[in-house]
Amino acid sequence: MTERKTAVVTGGGSGIGRAVAHRLAADGFAVAVLDLNADTAKQVVEEITEAGNEAVAFGDVDVSDRGQVNAAIESIRQTLGPVLVLVNNAGVTGFREFLKISDASWNKTLAVNLSGPFYLSQAVLPDMIAAHWGRIVNISSSSAQGGQQYMAHYVSSKAGLIGMTKSLALEFGEHGVTVNTIPPGFVDTPMLRESERRGMLGGSVDIHAERTPVRRPGKPEDIAAATSFLCREEAGYITGQIIGVNGGRNT
Ligand code: ADP
């Protein structure tokens, strides 16, 4: 068993999650890359291992399924030890006029983006309480604060995550566990480019970059850097916070 602290990154196979997994591994955590997609999870673990750091892939895990989450966390515990860092990043997006959002789409979005973090937090908090040390970082979205047309299901799930963050921070602070949320703004990932192609952004990535005070879209590494800081020892007095990483643009 490793001496390193173990970190679970959900949706670690792609985009923001991939960058977070790389960064936490470089910081010295043993990283469990958990993803629905087994191939990308494996690939990210290969990259991390090649860089000389420690990671293990847990693919084919659907965060919206409590049984799969519990089984994966137990397996991670056996392989890497107690889970002391959790980054809830796995998510699905959607773009639909509100009056046309189906029950199935609504339920699926809430299940992955909000129930997933609920199941994962319940699964790992006993480890954190026992260690009297833990860090949970929930990746929300800047749209959770400002709203976004045609994305009411996605935005509702991400706003719910902010509520969960604040509530858990109050409940588990006495156990040495901090819980924060990062609502990224525009981050240049394959998902963003796909949204641009499908006309979901209300303008091109370049136009959004011009409207951003720092004049560029975010990079996955920007989110990873903030996550890394929140997981450090010295960030222990930061909890229940919404840490915007958005180039100065809040909506
Ligand atoms: P972003 O651009 O926000 O990083 P991506 O689509 O690139 O978004 O990454 C989201 C990640 O979450 C993907 O790796 C995807 O496979 C993963 N994911 C999506 N749904 C689930 C799920 N139900 N369980 C686990 N992982 C999921």
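Structure's up top.
Scoring rules and cut-offs
Residues numbered from 1 in each chain as written. Predicted model: local features only at pLDDT ≥ 70, side-chain atom pairs only at ≥ 80, totals over all residues. Heavy atoms only, no water. Patch = residues over 30% accessible without salt bridge, like charges linked within 9 Å, V, L, I, M, F, W, Y side chains within 5 Å. Areas by Shrake-Rupley, 256 points an atom, 1.4 Å probe, with all protein chains shown as cover. Salt bridge = Lys/Arg side-chain N within 4 Å of Asp/Glu carboxyl O. Helix = DSSP H or I, 4+ residues; strand = E, 2+ residues; numbered from the N terminus. Buried < 20%, exposed > 50% of the residue type's maximum accessible area, 1.4 Å probe, protein only. Pairing = 2+ DSSP bridges. Near = heavy atom within 4 Å. Polar contact = N/O pair within 3.5 Å; in protein donor to acceptor, adjacent residues only side chain to side chain. 1 Å grid on protein atoms, 1.4 Å probe; cavity = no way out; pocket = protein on both sides within 12 Å on 5 of 7 lines; lining within 4 Å. Sits in = over half its atoms within 2 Å of the grid points. Nonpolar A, V, L, I, M, F, W, Y, C, P; charged D, E, K, R; others polar. Core = buried A, V, L, I, M, F, W, Y, C linked by side-chain atoms within 4.5 Å. Contact = heavy atoms within 4.5 Å. Phe/Tyr/Trp six-rings, centres within 6.5 Å; stacked < 30°, edge-to-face > 60°. Lys NZ or Arg CZ within 6 Å of the ring centre and 35° of its normal. Expected span 1.5 Å × (residues − 1).

(A) Structural context of a nonpolar patch on the surface. There is a patch of nonpolar side chains on the surface, built from Phe-98, Leu-99 and Trp-106 and spanning about 390 Å² of accessible area. By secondary structure assignment, the location of Phe-98 is in the loop between β4 (83-88) and α4 (103-131).

(B) Expanded view of the pairing of β4. Across the 6 residues that make up β4, a large majority, 6, are buried. For strand β1 (residues 6-10) and β4, the ladder comprises 4 bridges, and the chain directions are parallel. Within β4, the residue paired with Ala-7 across the bridge is Val-85. Of the strand pairs in this sheet, β4 and strand β5 (residues 134-139) are connected by 4 bridges, and their pairing is parallel. Each residue of the ladder has a partner; that of Val-87, found in β5, is Val-137.

(C) View of the site of the ligand. Around the ligand sit 15 residues, and of these Ser-14, Ile-16, Asp-35, Asp-62 and Thr-189 come closest. In the environment of the ligand, a nitrogen atom lies 3.4 Å from a nitrogen or oxygen atom belonging to the backbone of Val-61. Within the side chain of Asp-62, an N or O atom sits 2.8 Å from a nitrogen atom of the ligand. For the ligand, whose free accessible area comes to 580 Å², the fraction covered by protein is 85%. Judged by its atoms lying within 2 Å of the grid points, the ligand is housed in the largest pocket. The residue makeup of the shell around the ligand, split by class, is 8 nonpolar, 5 polar and 2 charged.

(D) Summary view of the nonpolar core. Membership of the largest hydrophobic core comes to 62 residues, with the highest contact counts inside it found for Leu-24, Val-31, Val-33 and Ile-76. A per-element tally of this core places α4 first, with 9 residues. Val-31 has contacts with Ala-7, Val-9, Ala-21, Leu-24, Ala-25, Glu-54, Ala-55, Val-56 and Leu-80, leaving out every residue within four places of it along the chain.

(E) Structural detail: the pattern of salt bridges. Going through the model one piece at a time under the given rule, you end up with 12 salt bridges. A salt bridge links Arg-216 to Asp-222; the nearest nitrogen and oxygen atoms lie 2.9 Å apart. Take Arg-216: its relative accessible area is 35%, and that puts it in the partly exposed class. Several salt bridges share partner residues, and in doing so they unite Glu-74, Arg-77 and Asp-127 into one network.

(F) Just the packing of aromatic side chains, in detail. Summed over all chains, the structure comprises 2 aromatic pairs. Their ring planes at 75 degrees and their centres at 5.5 Å tell us that Phe-95 and Tyr-150 sit as a pair that is edge-to-face. Taken together, the positions of Phe-95 in the loop between β4 and α4 and Tyr-150 in the loop between α5 (143-146) and α6 (152-172) put the pair 55 residues apart, joining distant regions of the chain. Among the residues examined, Phe-95 registers a relative accessible area of 28% and is labelled partly exposed. Centroid distance Phe-118 to Tyr-119: 5.6 Å. Interplanar angle 45 degrees. Geometry classified as tilted. Directly above the ring of Trp-133 sits Lys-5, whose terminal nitrogen or CZ lies 4.4 Å from the centroid.

(G) Just the side chain of Thr-181, in detail. Of note, Thr-181 is situated in strand β6 (residues 177-182). With a relative accessible area of 0%, Thr-181 lands in the buried category.

(H) The arrangement of α6 in detail. Counted at 1.5 Å a residue, the expected span for α6 with its 21 residues is 30 Å, and the 30 Å between its end C-alpha atoms agrees. Those residues of α6 lying buried are His-153, Tyr-154, Val-155, Ser-157, Lys-158, Leu-161, Ile-162, Met-164, Thr-165, Leu-168, Ala-169 and Phe-172. Buried residues along α6 sit in contact with α4, β5, α5 and β6.

(I) Summary view of unusual backbone geometry. Positive phi values are uncommon outside glycine, yet His-132 reaches one of about 50 degrees. Position of His-132 among the secondary structure elements: in the loop between α4 and β5. Judged by relative accessible area, His-132 falls into the partly exposed class, the value being 46%. Unusually for a residue other than glycine, Arg-215 sits at a positive phi of about 60 degrees. The topology assignment puts Arg-215 in the loop between α8 (205-210) and α9 (220-230). Given the relative accessible area of 56%, Arg-215 is considered exposed.

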